Amino acid sequence: MEARSRRRNAPSSANGTNGHIGNGIYDVASGGGDSDNRSSTARMERKAKRKHRVANARTRRRAGGGGRNNNTAAMCLISTVIFLLYFLVCLVFFSNLDSGDGEARGMRGLVKKTKEKLKKFRDKHRRGGAILAEEQEAIIDNSINKSNNENNNSNANNVSNNNSNVNNNVSKTTASGIPIGKWPVSIRDEEGMFEDIPHIGYAYMGKDVTMTVPRLWADDPVAIHQNKLMSRERALSIGTCVTPDPKTNSNMRGDKCPLSERTIFVAIASYRDWQCRDTVTSILSTAAHPERVRVGVVDQIVDGVDGSCDVPHVPCSDDPDQPICLYKNQIDVFQMDAELAVGPVFARHIGHRLYRGEYYAMQSDAHVTFTRGWDDDIISQMESTGDELAVLTTYLTDIVNSIDPMTGLSKRHTRPIMCNTEYEGGAQGKHLRHLSQPEGIPDIMGMPQLQPYFAAGFAFSRGHFVATVPYDMYQPMIFQGEEMSIGLRGFTVGYDYFAPERSVCFHSYAIGENSNARNKVPHFWEHAQAFKGTGIKAMKRLLGIVDMNPEVPRSEWDHSEEAKYGLGGARETSKFYDVIGIDVVKKTTQRHLCQFVHNKMHKQFMKSLRPD
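Residue positions are given per chain, counted from 1 along the sequence in the order it is written. Note on the predicted model: pLDDT of at least 70 is required for a residue's local features to be given, and 80 or more for side-chain atom pairs to be given and counted; whole-chain, interface and lining totals, by contrast, use all residues. In computing side-chain properties, one takes all heavy atoms of the structure into account and sets aside hydrogens as well as water.

> How would you sum up the state of the cysteines? Please name residues and give values.
When two cysteine sulfur atoms lie within 2.5 Å, the pair is treated as a disulfide. The full count for this structure, using the stated rule, is four disulfides. Two residues share a disulfide in this structure: C276 and C309, whose sulfurs sit 1.8 Å from each other. Measuring handedness by torsion sign, the sulfur bridge of C276 and C309 sits at about 120 degrees and is right-handed. In this pair, C276 sits in helix α8 (residues 276-286) while C309 sits in the loop between β4 (293-301) and α9 (323-326), placing the two residues 33 residues apart along the sequence. The pair C276 / C309 is uniform in exposure class, with both members buried. The residue that forms a disulfide with C316 is C325, at a sulfur-sulfur distance of 2.0 Å. What sets the handedness of the C316 and C325 disulfide is the S-S torsion sign, and at about -90 degrees it is left-handed. Exposure categories follow from relative accessible area, calculated using a 1.4 Å probe and restricted to protein chains: below 20% of the type maximum is buried, above 50% is exposed, and the middle band is partly exposed. Overall, the relative accessible area of 31% leaves C316 in the partly exposed class. Look at the chain and number its bonded cysteines as they come in the sequence; the links are 1-2, 3-4, 5-6, 7-8. Only DSSP runs of H or I reaching four residues or more are called helices, and only runs of E reaching two or more are called strands; each is numbered from the N terminus.

> Can you explain the environment of D365? Please cite residues and give values.
Along the chain, the position of D365 falls in the loop between β6 (360-364) and β7 (368-370). Sequence separation between D365 and I268 is 97 residues, and the spatial gap between their C-alpha atoms is 5.9 Å. Only heavy atoms matter for contacts: two residues are in contact if any of them lie within 4.5 Å across the pair. With residues up to four places along the chain from it excluded, the contact list for D365 reads I268, T279, R348, G457 and H507. Polar contact is defined as a pair of N or O atoms within 3.5 Å, subject to the rule that within protein one atom must be able to donate a hydrogen and the other to accept it, and that residues adjacent in sequence are counted only when both atoms are side-chain atoms. Here H507 takes part through its side chain, which lies 3.2 Å from a polar atom of the side chain of D365.

> Give a detailed account of the pattern of salt bridges, specifying residues and quantitative values.
Each salt bridge in this description consists of a side-chain nitrogen of Lys or Arg and a carboxyl oxygen of Asp or Glu lying within 4 Å of one another. Overall, the coordinates contain 29 salt bridges when judged by the stated rule. Across the pair R292 and D376 runs a salt bridge, and its minimum N-O distance is 3.1 Å. Residue R292 is located in the loop between α8 and β4, and its partner D376 is located in helix α11 (residues 374-384); the two are separated by 84 residues in the primary sequence. Overall, R292 belongs to the buried group, its relative accessible area being 0%.

> Would you mind going over the pairing of strand β2 (residues 210-213) in detail, with residue names and values included?
Residue alternation in β2 divides its side chains into a buried set, M211 and V213, and an unburied set, T210 and T212. For two strands to be treated as a pair, DSSP must find at least two bridges joining them. Here strand β1 (residues 195-198) runs beside β2; their pairing, made up of four bridges, is antiparallel. What sits directly across from E195, in β2, is V213.

> Run through the sheet that holds strand β13 (residues 449-451), naming residues and quoting values.
Read from one edge of the open sheet, eight strands run β5-β4-β3-β6-β14-β8-β15-β13, paired in mixed fashion. A strand with exactly one partner marks an edge of an open sheet, and here the two such strands are β5 (331-337) and β13. When the angles between neighbouring strand axes are averaged without regard to direction, this sheet yields 25 degrees. Sheet topology note: the strand β3 (residues 264-271)/β4 ladder contains eight bridges and is parallel. Within β4, the residue paired with S270 across the bridge is D299. Note on method: axes are straight lines fitted to C-alpha atoms, helices fitted across the in-contact stretch only, with angles between N-to-C directions ranging 0 to 180 degrees.

> Report on the layout of surface pockets, specifying residues and quantitative values.
Grid points spaced at 1 Å and placed over the protein atoms alone form the basis of the search, with a cavity being a set where a 1.4 Å probe fits but cannot get out and a pocket an open set showing protein on both sides within 12 Å along at least five of seven lines. Lining residues have an atom within 4 Å of a point. Grid points are joined across faces, edges and corners, and a volume is the space filled by probe spheres set on the points. Counted as a void, the second largest pocket has a volume near 1200 Å³. Taken together, 43 residues form the lining of the second largest pocket, with D365, H367, F479, H507 and Y509 sitting closest to its centre. Mapped by element, the contributors of at least two residues to the lining of the second largest pocket are β3, α10 (344-352), β11 (431-434) and α13 (482-493). Considering only residue class, the lining of the second largest pocket consists of 19 nonpolar, 15 polar and nine charged. For this classification, Asp, Glu, Lys and Arg are treated as charged, while Ala, Val, Leu, Ile, Met, Phe, Trp, Tyr, Cys and Pro are nonpolar and the rest, including Gly, are polar.

> Please give an account of the packing of aromatic side chains that cites residues and values.
Note on aromatic contacts: the rings of Phe and Tyr and the six-membered ring of Trp form a pair at centre separations within 6.5 Å, being stacked when their planes are under 30 degrees apart, edge-to-face when over 60 apart, and tilted otherwise. The full count for this structure, using the stated rule, is 16 aromatic pairs. Geometrically, the ring pair formed by F454 and F465 is tilted, given 6.1 Å between the ring centres and 40 degrees between the ring planes. Within this pair, whereas F454 is found in the loop between β13 and β14 (458-462), its partner F465 is found in helix α12 (residues 464-468), the two being separated by 11 residues in sequence. Using a relative accessible area of 2% as the deciding quantity, one classes F454 as buried. Each residue in the set Y453, F491, F576 and Y577 is aromatic and connected to the rest through ring pairs, giving one cluster. Its end group placed over the ring of Y359, R462 keeps NZ or CZ at 3.9 Å from the ring centre. Charge-over-ring contacts are defined here by two conditions on Lys NZ or Arg CZ: a distance within 6 Å of the ring centre and an angle within 35 degrees of the ring normal. Just above the ring of Y204 sits the side chain of K537; from NZ or CZ to the centre is 4.5 Å.

> Explain empty space enclosed by the protein to me, using residue names and the numbers behind them.
Under the definition given, this model contains six cavities of 30 Å³ or more. Here the largest cavity is characterised by a volume of approximately 90 Å³. What lines the largest cavity is F265, A267, H352, A361, M362, Q363, F454, A459, S461, F465, V466 and Y471. For the lining of the largest cavity, the secondary-structure elements that each account for two or more residues are β3, β6, β14 and α12. The biggest single contributor to the lining of the largest cavity is β6, with three residues. In the lining of the largest cavity, the residues fall into nine nonpolar, three polar and no charged.

> Go over the side chain of H199, please, and point to the residues and values.
Tracing the backbone through its elements, the reader meets H199 in the loop between β1 and α5 (200-203). Among residues more than four places away in sequence, those in contact with H199 are V209, T210, M211, L340, V342, F346 and F531.

> So what about unusual backbone geometry? Which residues, and what values?
With omega at -5 degrees, the peptide bond leading from W183 into P184 counts as cis. Mapping P184 onto the fold places it in the loop between α4 (159-171) and β1. Backbone geometry at N249 places phi at a positive 60 degrees, although glycine is not the residue there. By secondary structure assignment, the location of N249 is in the loop between α7 (232-236) and β3. Even without being a glycine, N401 presents a positive backbone phi close to 60 degrees. With respect to the helices and strands, N401 occurs in the loop between β8 (390-393) and β9 (415-416). According to the relative accessible area criterion, N401 is exposed, its value standing at 58%.

> Summarise the confidence of the model for the chain; cite the residues concerned and give the values.
Predicted coordinates in areas of low pLDDT are best not read in detail. Across the chain, the average pLDDT comes to 83, with 74% of residues at or above 70. Residue-level confidence of the predictor, termed pLDDT, takes values from 0 up to 100. Across residues 1-36, confidence stays below pLDDT 50; counting only partners more than four residues off in sequence or on other chains, it has 47 contacts. Counting contacts from residues 98-104, a segment whose pLDDT is below 50, to residues more than four positions away or on other chains yields five contacts.

Laid out in structure tokens, this is it:
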């Protein structure tokens, strides 16, 4: 018997049958005369099997044809999407290769932003595990006491070691980088611990003149805000309470501190102003809880000619019940020779150096009169915003006919709102300055109203605003422009500005019945010749930091300590300019901004603010 194998597409066999077997299964054919019947039967069986396999194959082809068509369509769709994505990426890349302003854009900008986000993510996790202030305070105190004991045992008469220990007590911080606040507190307790800084007016003229000033409570603002929007928990770790926590003995109690015991720091910058002592008197005499108020004054006077802010009109020995006498331990005055005055920015910078961790901070001019119970009123308004980063700020209404002399309460039902600003020129270059602000019945009732701008004449906020947005010491002879600088820097840290619903104080302007008295007060401009040209340099820095002079090369302005006195990382200045309608290239503003602020801004933007 002969055996042979047959595959698909094999030649025909000797007996005339085709050698194709559907799926290539080997078959065995037998030869021999007596096997014809068996061979015929086998052929019939194989033929039946082939018909069955062909029928099954056709069925599978009919069933699978739609799937193959669907797969083909899906592949075409995926290919088209990939091509479109590639086209868009190329379009973005090649259309933004060079922005002309030194800013990375297109794909390079995307890569830069991605790297920045990755860096922030890594920094966040490096800073993880921070200890709360009240818990860490005891640890630090124990460590410092231990260090003091060791130093005393080794050399009790070592003055250098003693000074070092005292400095540690002033600057000690928690593991999270936030200094520890105490109450009561005074810079008088820090005698011998001040630091020397250059007088920036003379420094810009190439002269070496130094000043001895208090240290900043938070020497590194970035360590507090961390270039991102502060969490409520982190913000609440700043601020002292009159009564310490009974368990931890810490004055830093966050929102567990009763409203009536939350401390208030009031910063006043005064230049030869005879009304300064009256302003201090008004603050302390009208407060519902004067025991929680601490006033810090930078008093720029001619000694022997001008009166000091902390000296009452009548000696305390003759009338000890005067507020300045009763609360003298809560008044810190940094007296400065008037000839060193170079404008409000530098003076307010020193004023911020007087802050020592109070729960709230208020900034006021030196010729302001307060209403009775102002502290309870403004705190109530502040808390009604529900915004930990709110700043209540405005240009004040004139004092004339504003306060009832019998009750000490406001007679006004209107309030100003900040929305009117315009570019002006001059020797220092084009910059924004606030104009007269509209005053009327509040559009929003029950809380302060959101507005775009900061006002230097009055501002009330949480204390961390002073710690995270300190006045820039490198801006001598600046008057107009300071408010845009502070406002924009605060905006990038995450602060929101509100017009108070009710006025708690009023300003003595040099108009009407007060014109004669107020016009006799000197101004720092009397030193304009002595510091000629320094304001131009300062304005370049001011505008450069807030991205308002793109036409000026960065190499042309001073970058000293820019991180400390610069922008935050929560928002960008470009967002502010776009929303508010400021064109920093063409130097124009939106002339109808006040209409938007009055009717729409608060209602539209408050919905998008963070719940806490």
